[in-house]
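Next come the chains, spelled out residue by residue.
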There are 2 protein chains.
Amino acid sequence: MDFSSKLLENAVNEVSQLPGIGKRTALRLVLHLLKQPVEQTQLLSQSLLQLRESINFCKNCHNISDTEVCEICANPNRDESLICVVEDLRDVMAIENTSQYRGHYHVLGGKISPMDGIGPGDLSISSLVEKVKKGTVSELIFALSSTMEGDTTNFYIYKQIEGCNVTTTTIARGISVGDELEYADEVTLGRSILHRIPFESSLKNS
Amino acid sequence: MDFSSKLLENAVNEVSQLPGIGKRTALRLVLHLLKQPVEQTQLLSQSLLQLRESINFCKNCHNISDTEVCEICANPNRDESLICVVEDLRDVMAIENTSQYRGHYHVLGGKISPMDGIGPGDLSISSLVEKVKKGTVSELIFALSSTMEGDTTNFYIYKQIEGCNVTTTTIARGISVGDELEYADEVTLGRSILHRIPFESSLKNS
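Residues numbered from 1 in each chain as written. Chains lettered and ligands numbered in written order. Predicted model: local features only at pLDDT ≥ 70, side-chain atom pairs only at ≥ 80, totals over all residues. Heavy atoms only, no water.

A. Focus on the nonpolar core. Counting 43 residues, the largest nonpolar core has A:Leu8, A:Val15, B:Leu8 and B:Val15 as its most contacted members. Those elements that provide at least two residues to this core are α1 (6-15), α2 (23-35), α3 (38-53) and α5 (89-98) of chain A together with α1 (6-15), α2 (23-35), α3 (38-53) and α5 (89-98) of chain B. Once residues lying within four places of it in the same chain are set aside, the contact partners of A:Leu8 are A:Phe3, A:Leu27, A:Val30, B:Leu51, B:Ile64 and B:Leu89. (Core = buried A, V, L, I, M, F, W, Y, C linked by side-chain atoms within 4.5 Å. Buried < 20%, exposed > 50% of the residue type's maximum accessible area, 1.4 Å probe, protein only. Helix = DSSP H or I, 4+ residues; strand = E, 2+ residues; numbered from the N terminus. Contact = heavy atoms within 4.5 Å.)

This is the structure we're talking about:
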């Protein structure tokens, strides 16, 4: 693209570095900012810079937090012997939205993915293993995406804590609530038949 | 959405002010920045701030430009008696990419749109009318989008310069090159039949 302004070109180049945003979208966004009051751009860049420069992670669960220990870990009403292993903050938010979970979390910060150059050392796995080896954890719930990378990560952690006195579970896979059977894929439908549950327990939390 | 961090919430709120970006996408973008080196966020916010604070428009055609007069207006090889009226920079870039136009531009900065509260006073129409009234312009090409707002703006400008010694033209509407007739809408197809051109001239620029 041939821009008439170097400043504009720089801004478009930087914005198009963001995932899923190409040059055209970047240009649209930047031109939008130009039509808005200068304060909006100031607030936008300040908030991004502030977040990036003073970002803090909970020293317990590695979730993003402004305080040393996040709200969830600091809450005495939550069961700290129950740990849900998730990929990132978005999964914590999704599970919190269900209001069905009262334990702690452990945010890995990603999944083991050799293709993207992410090994176990890049994730906060060692601190999780340490926590489990201390013996205060009774159950570890794996709640990673059901992909090859997610399964690999689950299995890696499972191997690391072998022999520890801890129950490991994984969230149920099955047909989504409200879904029609005929449109479900075979793997999911197959699993949901294999791991069927007593009818009485399906009545509990609905 | 319930964020664990105030800084994160601020950043997501600011990013989601951009057009076409909701809270979820904003969160995805912000979390991406957190995984990148801090320099990327610094460059991003600096470039946006710099652009917004020191943005400059060509005093002749109102296009975005780092210099007082933009490259196109400053180019002595371009015909300044030919003015193409466009909405914004993107249209200039699109027309420049065709390499078929050697005149000047006039960037209006939008279209007359009462629904969005944009009247003729918000656009750079008066300077265009002034330019035409000086008598140095021989042809005015309307190249606005073919929407109600575009047509209104064309007509408004047309009325303003009535009586001036200037030819007004509009870019041709018709079937896109490579398109199949059966999928074209009736209005476009109808216009392309009404405004048919001699076969010889269609051979020239292909």
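B. Representation of the sheet that holds strand β3 (residues 139-142) of chain B in the model. Residue and element names in this part refer to chain B. Reading across the sheet, the four strands line up as β2-β1-β3-β4 and stay open at both edges, with parallel pairing between neighbours. Two strands bound the open sheet, and with one partner strand each, they are β2 (103-107) and β4 (167-170). Across the sheet, the mean angle from the axis of one strand to that of its neighbour is 25°, orientation sign disregarded. Pairing between strand β1 (residues 79-86) and β2: five bridges, direction parallel. Bridging from a neighbouring strand, Val 85 pairs with His 106 of β2. Contacting β1, β2 and β3, helix α6 (residues 126-133) crosses the sheet at an angle of about 145° to β2. Across the sheet, helix α7 (residues 148-160) touches β1, β3 and β4, and the angle it forms with β3 is around 160°. (Pairing = 2+ DSSP bridges. Axes fitted to C-alpha atoms, helices over the stretch in contact; angles between N-to-C directions.)

C. Summary view of the interface of chain B and chain A. Contact residues are listed per partner, giving 52 residues for chain B and 52 residues for chain A. Here chain B and chain A share an interface that buries about 5100 Å² over both sides, 69% of which is from carbon and sulfur atoms. Looking only at chain B, the three residues that lose the most surface to chain A are B:Leu7, B:Leu34 and B:Arg52, adding up to 13% of its buried area. The tally of links between chain B and chain A comes to zero salt bridges. Our count for the contact surface shared by chain B and chain A stands at ten residue pairs in polar contact (both at pLDDT 80 or more). Only α1, α2, α3 and α5 of chain B provide two or more residues apiece to the side of chain B that touches chain A. (Buried area = accessible area lost by both parts, 1.4 Å probe. Salt bridge = Lys/Arg side-chain N within 4 Å of Asp/Glu carboxyl O. Polar contact = N/O pair within 3.5 Å; in protein donor to acceptor, adjacent residues only side chain to side chain.)

D. Quick look at the packing of α1(A) against α2(A). Residue and element names in this part refer to chain A. Where α1 meets α2, the axes come as close as 8 Å, and the angle between the chain directions of the two elements is 120°. Viewed along their axes, α1 and α2 adopt a mutual orientation that is oblique. Seen along the crossing, α1 lies across α2 with a hand that is right-handed. Judged by residue contacts, Leu 8, Ala 11, Val 12, Asn 13 and Val 15 of α1 engage Lys 23, Ala 26, Leu 27, Leu 29 and Val 30 from α2. In terms of residue class, the contact of α1 with α2 is made up of eight nonpolar, one polar and one charged. (Parallel < 35°, antiparallel > 145°, perpendicular 65-115°, else oblique. Left-handed = near helix turned anticlockwise from the far one by under 90°. Nonpolar A, V, L, I, M, F, W, Y, C, P; charged D, E, K, R; others polar.)

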